[in-house]
Every structure is written in structure tokens, then in C-alpha cells.
Amino acid sequence: MTNSAPLPATLERITLRHAASQSELDIYPFGATITAWRSRQAANRSAKDIFFLSERADLSGKQAIRGGIPIIFPQFKARPDQTHGFARTAMWNILKRSEDSITLRFSHTSTGVTNWPHPFTFDYEVTLSESLRTELIITNTGATEFSFQCALHTYFAVSHIDEVTVAGLAGLTYTDKVARRENCTEASSAFAFTQEVDRIYFNAPDRLVLRDKAHAIILHKTNFPDAVVWNPWSVKASEMKDLKPDDYQRFVCVEAGAIAQPIRLAPHGVWRASQLLSVSS
Ligand code: BG6
């Protein structure tokens, strides 16, 4: 059981480097959370780092890191009384590492500290090049089927919330968690942020584009049917201890996920999904 190990006084942070593109990435084994991706392609543009990491993020290992790419598993918080699961606060082991790639593993037994009764292994392969690829490989190591939800809760840094749009959502059915309405249809081909947004889009296309003032991020997802778009706006942000009240202006979350139809995994079954992020002008 990896997440029952005592936490070190200071959490370990690993930096990967891709020499050809002069890009760097920081990742914490705590939660297997990538917290920064410094890409030369975005240098001298509006976004310094591709990812937002809150100045108030708790980096002590007591709670999920607010920013970068926390991993949501085995459940997505569909209601306020639920959480995004325990993977983002578990201590992961390093399986393989090179200069520009790392694989971390979270192994869970049925007798672990959480009340999740199903054993599994969860491998997370991170590969840095001109783009950033993250692959999730979940294996049922137990004797009974289980089902789960999963998402990559990516916080993208933006020059200002007024400047960004998300393309790829038009015509999709979504649940609006703010308005508490289901079966809504997205009308906008360039979705802009003017208030709190918390939406789960179903059967989203595999290519979504987050456009900022001077650059765009292409999110290409594989085997993640859904997409979540979240920004807490001013009131919610000021209620959150690990955000500054005006931080809502500095990020948007666009999350690739398997949410609407939980994935059913038979004994020895393996599920894979991935996300490829790239920056373009
Ligand atoms: C989003 C959810 O994925 O994450 C929101 O749709 C939630 O409802 C947000 O508020 C942040 O969640 P948390 O647990 O990291 O505060």
C-alpha cells in the first residue's frame, strides 16, 4: 500500500528536461502531480508557464495540490459532498525515469487505508518533448470487477480570463453544475468566460483548443470521452483557502475525463487513456 507511507518533511519534486525544445517540467510523486511545464514555445508570450500553480497551493502533502495536473480517480466529484478521489493525495512510486520521461505507479491493495476495496495498479507515464504526453494505465489486480471515473484536472495559466476561449464544445450536451441543469446544449463555438463555470461535456471531440491572447494550447485526448470546464470565478475563489480571490482571472481548467459512463474493469483488465498537450501560435 503506497499511500500509507509517512510523508517526508518536504515533498520531493522532480524536474524533467527536454534539451531539443529547451522545455522543463516539474512533477511531485505526491499525487503524481505535474505542477509546471515551461515551454520555450510559450516564452515571450502572454503565458510564462503553461500551467497555473496557486501561490497558496498546499505543498505539504496534506491536501491535493491546487494547480498543474492533479489526477482524479477513482471518482469524480459530481456533488459537493463528494471528493475527486484519493489518487491526487496518494504517494506514488517512481518506476522508471530518464532525463525527459518518468513513470510513476500507485499500487493499491484491498487492505489499504482508504475504504476502496479493490486492488489495482495505476501507472502514469509522463513524456516531455515539444509537447507533453501523459498516459494512464489502470490494471485490475483483484478477483472482482470494479468501476471508476477518472480525469486529468489540468489548470491552464491564462493571461486574463477575459482573453480566453475554448473551441470544440459547440453542439455538445452538458451538465451545468452551477445552474444545476442537465441536458443543456452548448451553443458557442468559442466558449468565453463571464461568470462561474462548472460543466461536464459529454462525448466531447478528442481535440479541444484553448485560445489565449498570443498562443493556443491544443488538448488532444484519447479514450477520455468527456471534458470538464471549470472556473470558480470571484466568490468561489475567495472561499477557497488555496487560491487568492483574484486567481480566477489567471487560470481555466479544461479536464479530459471518463465521467458519464464509469469504466468497468474486469479482473486482469487494463484501461488506458492519454492526453497530449501542445502549444501553437
Ligand atoms: C472541478 C469540478 O473538476 O473541480 C468542480 O467540476 C470542483 O465542481 C473543482 O469545484 C475543484 O475541485 P477541488 O476538489 O479540487 O476543490
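Refer to the structure above for everything that follows.
Rules and cut-offs
- Residues numbered from 1 in each chain as written.
- Predicted model: local features only at pLDDT ≥ 70, side-chain atom pairs only at ≥ 80, totals over all residues.
- Heavy atoms only, no water.
- Helix = DSSP H or I, 4+ residues; strand = E, 2+ residues; numbered from the N terminus.
- Buried < 20%, exposed > 50% of the residue type's maximum accessible area, 1.4 Å probe, protein only.
- Contact = heavy atoms within 4.5 Å.
- Areas by Shrake-Rupley, 256 points an atom, 1.4 Å probe, with all protein chains shown as cover.
- Lys, Arg positive; Asp, Glu negative; His and termini not counted.
- Charge placed at Lys NZ, Arg CZ, Asp CG, Glu CD.
- 1 Å grid on protein atoms, 1.4 Å probe; cavity = no way out; pocket = protein on both sides within 12 Å on 5 of 7 lines; lining within 4 Å.
- Points joined across faces, edges and corners; volume = space filled by probe spheres on them.
- Nonpolar A, V, L, I, M, F, W, Y, C, P; charged D, E, K, R; others polar.
- Pairing = 2+ DSSP bridges.
- Polar contact = N/O pair within 3.5 Å; in protein donor to acceptor, adjacent residues only side chain to side chain.
- Core = buried A, V, L, I, M, F, W, Y, C linked by side-chain atoms within 4.5 Å.
- Salt bridge = Lys/Arg side-chain N within 4 Å of Asp/Glu carboxyl O.

### With respect to the overall build of the protein chain
Scanning the protein chain for helices and strands turns up 1 helix and 20 strands. Based on the C-alpha atoms only, the size of the protein chain along its principal axes is roughly 50 × 45 × 35 Å. Across the 281 residues that make up the protein chain, the buried fraction comes to 54%. Taking as baseline every contact in the protein chain between residues at least 6 positions apart, the subset at least 24 positions apart corresponds to 65%. Here the protein chain has roughly 12500 Å² of accessible surface; of this, 46% comes from carbon and sulfur atoms. With 30 positive and 29 negative side-chain charges, the protein chain shows a separation of 1 Å between the mean positions of the two kinds.

### Describing empty space enclosed by the protein
Where empty space is left becomes clear once a probe the size of a water molecule has been rolled over the atoms. Scanning all chains against the criterion turns up 2 cavities of 30 Å³ or more. Each pocket or cavity is described by its volume, and for the largest cavity that value is around 40 Å³. With 3 residues, the single largest contributor to the lining of the largest cavity is strand S16 (residues 207–211). Class assignment for the residues of the lining of the largest cavity results in 7 nonpolar, no polar and no charged. Lining the second largest cavity are Ala157, Val158, Leu210, Asp212, His215 and Ile217. Looking at the lining of the second largest cavity, its residues break down into 4 nonpolar, 1 polar and 1 charged.

### Focus: the pairing of strand S2 (residues 23–28)
Judged by how many residues are buried, S2 sits mostly within the fold: 5 of 6 residues are covered. Note: strand S1 (residues 14–18) against S2, 5 bridges, orientation antiparallel. Pairing of histidine 18 across the sheet is with serine 23, part of S2. With antiparallel pairing between neighbouring strands as the criterion, S1 and S2 make up a hairpin whose turn holds 4 residues, including glutamine 22 at a positive phi of roughly 50°. Where S2 lies against strand S3 (residues 33–38), 5 bridges are found, and the strand directions are antiparallel. Bridge pairing in S3 links tyrosine 28 to threonine 33.

### Comments concerning the side chain of glutamate 186
Tracing the backbone through its elements, the reader meets glutamate 186 in the loop between strand S13 (181–185) and strand S14 (191–192). The class for glutamate 186 is buried, based on a relative accessible area of 7%. In terms of polar contacts, glutamate 186 uses its side chain to reach the side chain of arginine 199, at 2.8 Å.

### Focus: the layout of surface pockets
Approximately 720 Å³ is the volume found for the largest pocket. Lining of the largest pocket is provided by 25 residues; of these, Lys77, Lys177, Asp198, Trp230 and Lys236 occupy positions nearest its centre. The residue inventory of the lining of the largest pocket, partitioned by class, reads 11 nonpolar, 3 polar and 11 charged.

### Focus on the environment of threonine 83
By secondary structure assignment, the location of threonine 83 is in the loop between strand S4 (71–72) and strand S5 (93–97). With a relative accessible area of 44%, threonine 83 lands in the partly exposed category. The sequence separation of threonine 83 and asparagine 223 amounts to 140 residues, and the corresponding C-alpha distance is 23 Å. Contact partners of threonine 83, with chain neighbours within four places excluded, come to Gln75, Phe76 and Lys77. In this structure the side chain of threonine 83 is engaged in a polar contact, spanning 3.1 Å, whose partner is the backbone nitrogen of glycine 85.

### Concerning the nonpolar core
Core analysis: the largest hydrophobic core is formed by 74 residues, its most contacted members being Trp92, Phe122, Tyr124, Phe156, Phe193 and Trp271. Broken down by element, this core gets its largest block of residues, 8 residues, from strand S19 (residues 251–265).

### Some points on the sheet that holds strand S8 (residues 132–140)
The antiparallel open sheet is built from 9 strands, whose spatial order is S5-S6-S7-S8-S20-S17-S16-S11-S14. Edge positions in the sheet fall to S5 and S14, since each of these pairs with one other strand and no more. The pairing of strand S11 (residues 165–167) with S16 spans 3 bridges and is classified as antiparallel. Opposite threonine 165, over in S16, you have arginine 211 as the bridge partner.

### Considering the pattern of salt bridges
One pass over the structure, following the stated rule, counts 16 salt bridges. Here lysine 221 and aspartate 206 are joined by a salt bridge, their closest N and O atoms 3.3 Å apart. Taken together, the residues span a long stretch of sequence, with lysine 221 in strand S17 (residues 216–222) and aspartate 206 in the loop between strand S15 (197–201) and S16 at a distance of 15 residues. The class of lysine 221 is buried, set by a relative accessible area of 0%. A single salt-bridge network, built from bridges that share partners, covers Arg17, Glu24, Asp26 and Arg38.

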